[in-house]
Amino acid sequence: MTEKAEKQDGKTVSTRRQLLKQFGLGVAAAGVTPRLLGNARSATPPKKKRRKVKHRVLGKTGLRVSEIGFGGHSWSYKRVPDGKGGLRKPTIDEAVRMIAAGIEMGVNFFDSCTPLEESGTPGEALKKLGARDKVIVSIRVSHKMKGRKADKQEIYKWTEQRLKLWRTDYIDLCLLCNTENDTPQSGYWDMSYSTEALDKLKQQGKIRFTGFGCHFTPELFLESFEKFGDYFDVVSMPYNVRHRAAKKLLPAAKKKGLGVITIKPFARGALLKKLDLEGADAGLPRDMIAFVLEDKLVDICTCGVHTIEQVRENLSASWTKLSPSGRERLKKVAATPIDSREYAWLEQDWQCA
Ligand SMILES: NC(=O)c1ccc[n+]([C@@H]2O[C@H](COP(=O)([O-])OP(=O)(O)OC[C@H]3O[C@@H](n4cnc5c(N)ncnc54)[C@H](OP(=O)(O)O)[C@@H]3O)[C@@H](O)[C@H]2O)c1
């Protein structure tokens, strides 16, 4: 009997066979009733093709990296409701779920943060997942510049600490970053002494590639591309819908072949504070990352996350094309000043387009 005849002469039988085939149920299941098949359908939905985060080449490192990466700071911050009216850090189990979901969606880039804020959580989660060698770990080490002898020791010290925290014997990218307090003292970006330390770490097989980046002015970045752009492999700088000065710097960075890692797509959440993210503003964080990724000179946008929902939303930026109404919403975010004292430097130096 053909399927067509089955449909005409025995509609129930034909439907059942098709469903059995669709859900992969064997001969043993042939006696199941249509009611049970209904349950089977809801228990085993047809597999959806999962979207993956796209990859880009990270400048002269040649590494293929996910265009969205996990940021390092948020693992250390107490931002998850603890159920008792307070806030806590993400637990290891939560981190394992968030990182497993990210890797499943194609993420392979893990940033760290300034040394004193660094957490062992992502390293421990990667170890539990047996995923260290499938991902790229990028650390940031402080140094004081201006050729102080202590520079090298600082770099060795923080690198050793990170090797332990990330449960690994090598780091893929080591970025020099100094703290706000060091910058006025150092006055300018002199990284010549620090690069000697980085060379030694490379020879020891502890780091693979190097870079630099921190909070400072766009002018200092331009100067540092000129002075040190041939030595380093990557640079990291803030870039978001309101603070877009990086746009002007990227051609100069690319001229030196530097991979570009952007940070602060939400100014650590300050740009989202006045929004109703559950209601009319839903999807804005995703669009804010999609905005950064529209710039093809950006290689990676790193973002901090605290929940698996944030992971899923942020990664979906990789396949989000901004709509005209989405762009209108972004214009409003871009026009809204942030009043955080912590981010006065972003407001002052990084707004110009
Ligand atoms: N000195 C340095 O070297 C340096 C400096 C800055 C940044 N970085 C790097 O850049 C990374 C990113 O910067 P960042 O962590 O400062 O800031 P960010 O990515 O701009 O903001 C992260 C915060 O935004 C909120 N958020 C994220 N996704 C969201 C979503 N879908 N919906 C609502 N809220 C969301 C979360 O805060 P809540 O959940 O608490 O609201 C999260 O902690 C850092 O983690 C670090 O790796 C390095």
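Residues numbered from 1 in each chain as written. Predicted model: local features only at pLDDT ≥ 70, side-chain atom pairs only at ≥ 80, totals over all residues. Heavy atoms only, no water.

Participant: I'd like a rundown of the packing of aromatic side chains, residues and numbers included.
Facilitator: Tallying each qualifying case throughout the model produces 11 aromatic pairs. Arranged with centres 6.1 Å apart and planes meeting at 35°, the rings of Phe70 and Trp75 form a pair that is tilted. Each of the two residues, Phe70 as well as Trp75, counts as buried. An aromatic cluster is present here, built from Phe212, Phe221, Phe225, Phe228, Tyr231, Phe232 and Trp350 joined pairwise through their rings. Positioned above the aromatic ring of Tyr170 is the side chain of Arg132, whose terminal nitrogen or guanidinium carbon lies 4.1 Å from the ring centre. (Phe/Tyr/Trp six-rings, centres within 6.5 Å; stacked < 30°, edge-to-face > 60°. Buried < 20%, exposed > 50% of the residue type's maximum accessible area, 1.4 Å probe, protein only. Lys NZ or Arg CZ within 6 Å of the ring centre and 35° of its normal.)

Participant: Would you mind going over the pattern of salt bridges in detail, with residue names and values included?
Facilitator: Here the structure, examined in full by the defined rule, presents 20 salt bridges. Among the ionic pairs, Arg208 bridges to Asp172, the shortest N-O distance being 2.7 Å. With a gap of 36 residues between them, Arg208 in strand E9 (residues 207–213) and Asp172 in strand E8 (residues 171–176) connect regions that are remote in the sequence. The salt bridge involving Lys254 is made with Asp299; its shortest N-O contact spans 2.7 Å. Highlighted residues: Lys254 in helix H10 (residues 246–255) and Asp299 in the loop between helix H11 (284–293) and strand E12 (300–303), separated in sequence by 45 residues. (Salt bridge = Lys/Arg side-chain N within 4 Å of Asp/Glu carboxyl O. Helix = DSSP H or I, 4+ residues; strand = E, 2+ residues; numbered from the N terminus.)

Participant: Lay out helix H12 (residues 308–315) with the relevant residues and their values.
Facilitator: An α-helical turn contains 3.6 residues, so any two residues separated by three or four positions project in the same direction. Buried residues of H12: Val311, Asn314 and Leu315, and no others. Take H12 and look down its axis: the buried residues cluster within an arc of 90°, on one side only. On its buried face, H12 is in contact with strand E3 (68–70), helix H4 (92–104), H11 and E12. (Arc of directions from axis to C-beta. Contact = heavy atoms within 4.5 Å.)

Participant: Which residues make up the packing of H4 against helix H5 (residues 121–129), and what values go with them?
Facilitator: Two quantities define a packed helix pair, namely the angle between the helix axes and the distance between the axes. The contact between H4 and H5 brings their axes to 9 Å, and the two run at 65°. Taken together, the axes of H4 and H5 lie roughly perpendicular to each other. The crossing of H4 and H5 is right-handed. Of H5, the residues touching H4 (which contributes Ile92, Ala95, Val96, Ile99, Ala100 and Ile103) are Thr121, Pro122, Glu124, Ala125, Leu126, Lys128 and Leu129. Here the residues of the contact of H4 with H5 sort into 10 nonpolar, one polar and two charged. (Axes fitted to C-alpha atoms, helices over the stretch in contact; angles between N-to-C directions. Parallel < 35°, antiparallel > 145°, perpendicular 65-115°, else oblique. Left-handed = near helix turned anticlockwise from the far one by under 90°. Nonpolar A, V, L, I, M, F, W, Y, C, P; charged D, E, K, R; others polar.)

Participant: Any chance you could break down the pairing of strand E7 (residues 136–141) for me, citing the residues and the numbers?
Facilitator: Burial within E7 is extensive, with six of its six residues counted as buried. With burial as the criterion, each face of E7 is covered, one bearing Ile136, Ser138 and Arg140 and the other bearing Val137, Ile139 and Val141. Where strand E6 (residues 109–111) and E7 come together, three bridges link them in parallel fashion. Each residue of the ladder has a partner; that of Phe110, found in E7, is Val137. For the crossover from E6 across H5 to E7, the handedness is right-handed. For E7 and E8, the ladder comprises four bridges, and the chain directions are parallel. The partner of Ile139 across the bridge, within E8, is Cys174. (Pairing = 2+ DSSP bridges. Right-handed = clockwise from strand over helix to strand, strands pointing away.)

Participant: Can you break down helix H8 (residues 192–203) residue by residue, with the values?
Facilitator: Between the first and last C-alpha of H8 there are 17 Å, a value that for 12 residues agrees with the 16 Å anticipated at 1.5 Å per step. Along H8, the residues classified as buried are Ser194, Thr195, Ala197, Leu198 and Leu201. Around the axis of H8, the buried residues are gathered within 155° of arc, so they sit on the same side. Summarising the contacts, the buried residues of H8 are in contact with helix H6 (150–165), E8 and E9. (Expected span 1.5 Å × (residues − 1).)

Participant: Give me the lowdown on the site of the ligand, citing residues and values where you can.
Facilitator: Near the ligand lie 29 residues; those nearest to it are Gly72, Arg79, Lys264, Phe266 and His306. In the environment of the ligand, an oxygen atom lies 2.9 Å from a nitrogen or oxygen atom belonging to the backbone of Arg268. Protein contacts shield 93% of the accessible area of the ligand, which totals 890 Å² for the unbound molecule. Listing elements by their share of the shell around the ligand, those giving two or more residues are E12 and H12. Ranked by the residues each element gives to the shell around the ligand, the list is headed by H12, at three residues. (Near = heavy atom within 4 Å. Polar contact = N/O pair within 3.5 Å; in protein donor to acceptor, adjacent residues only side chain to side chain. Areas by Shrake-Rupley, 256 points an atom, 1.4 Å probe, with all protein chains shown as cover.)

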